[in-house]
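# Geometric and topological summary
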Amino acid sequence: MSWIDIGSIDQIPVRGARVVKTKLGCIAVFRTAEDEVFATSDRCPHKGGPLSEGIVHGTSVTCPLHNWVFDLNSGEAQGADEGKIDTYAIRVENGRLMLDAAVMERSAA
Ligand code: FES
């Protein structure tokens, strides 16, 4: 797998996220309190809420619109909530965020 540097982990607030535009659409890159990072679809499967504006707790995020909760590892909705968000490979290397290059290069068509 090859990786693309998309910036510094310091550009993401702790327990927050930033949005990265890719050919697959907007991806939310989250940073947890433990400085783990996750990349998922920014769009909530319920009614399209921006998950990057949600609240990160543990390794989950709560949608800002109606509080559905998604696991950032699996993308699965938690509890009684339904659906799944896409997840993408990402890692941190020397403080830099490295996203799966295929996500940036893949065509949306
Ligand atoms: S749009 Fe995310 S919970 Fe409704």
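Whatever comes next refers back to the structure up there.
Residues numbered from 1 in each chain as written. Predicted model: local features only at pLDDT ≥ 70, side-chain atom pairs only at ≥ 80, totals over all residues. Heavy atoms only, no water.

This brings us to the environment of Gly 79. Following the sequence through the fold, Gly 79 ends up in the loop between β7 (69–71) and β8 (87–88). For Gly 79, a relative accessible area of 78% translates into the label exposed. Taking the C-alpha atoms as reference points, Gly 79 and Val 61, 18 residues apart in sequence, are found 13 Å from one another. (Helix = DSSP H or I, 4+ residues; strand = E, 2+ residues; numbered from the N terminus. Buried < 20%, exposed > 50% of the residue type's maximum accessible area, 1.4 Å probe, protein only.)

Here the focus is the nonpolar core. Among the nonpolar cores identified, the biggest contains 14 residues, and Phe 30, Cys 44, Leu 51, Val 56, Val 61, Phe 70 and Leu 72 are the most heavily contacted of them. With 13 residues, the next largest nonpolar core counts Ala 39, Leu 97, Leu 99 and Val 103 among its residues. (Core = buried A, V, L, I, M, F, W, Y, C linked by side-chain atoms within 4.5 Å.)

Below, the discussion takes up the sheet that holds strand β9 (residues 90–93). Taken in spatial order, the three strands make up an open sheet running β1-β10-β9, and their pairing is antiparallel. In this open sheet, the two edge strands, each paired with only one partner strand, are β1 (3–8) and β9. Neighbouring strand axes in the sheet, compared pairwise and without regard to direction, differ in orientation by 30° on average. Sheet topology note: the β9/strand β10 (residues 96–100) ladder contains four bridges and is antiparallel. Pairing of Val 92 across the sheet is with Leu 97, part of β10. (Pairing = 2+ DSSP bridges. Axes fitted to C-alpha atoms, helices over the stretch in contact; angles between N-to-C directions.)

On to the side chain of Ser 52. Counting through the fold element by element, Ser 52 comes out in the loop between β4 (37–41) and β5 (55–57). The exposure class of Ser 52 is buried, given its relative accessible area of 12%. Sequence-distant contacts of Ser 52, defined by excluding residues within four places in its chain, comprise Ala 17, Val 19, Ala 28, Phe 30 and Asp 42. (Contact = heavy atoms within 4.5 Å.)

Attention now goes to the sheet that holds strand β2 (residues 16–22). Here four strands make up an open sheet; going across it, the order is β2-β3-β4-β8 and the pairing antiparallel. The sheet terminates laterally at β2 and β8, the two strands that pair on one side only. Relative to β4, strand β3 (residues 25–31) is paired through five bridges, and the arrangement is antiparallel. If you follow Phe 30 over to β4, its bridge partner there is Phe 38.

Further remarks concern the packing of aromatic side chains. Evaluation of the coordinates by the stated rule reveals zero aromatic pairs. For Arg 91, the ring lying beneath its charged end belongs to Trp 3, and the centroid distance is 4.6 Å. (Phe/Tyr/Trp six-rings, centres within 6.5 Å; stacked < 30°, edge-to-face > 60°. Lys NZ or Arg CZ within 6 Å of the ring centre and 35° of its normal.)

Along any regular strand, the residues point their side chains to alternate faces of the sheet. Most of β4 is tucked away: five of the five residues are buried. Linking β3 to β4, which pair antiparallel, is a turn of five residues; within it Asp 35 sits at a positive phi near 65°. Note that β4 and β8 share two bridges and pair antiparallel. Its bridge partner lying in β8, Thr 40 is registered against Thr 87.

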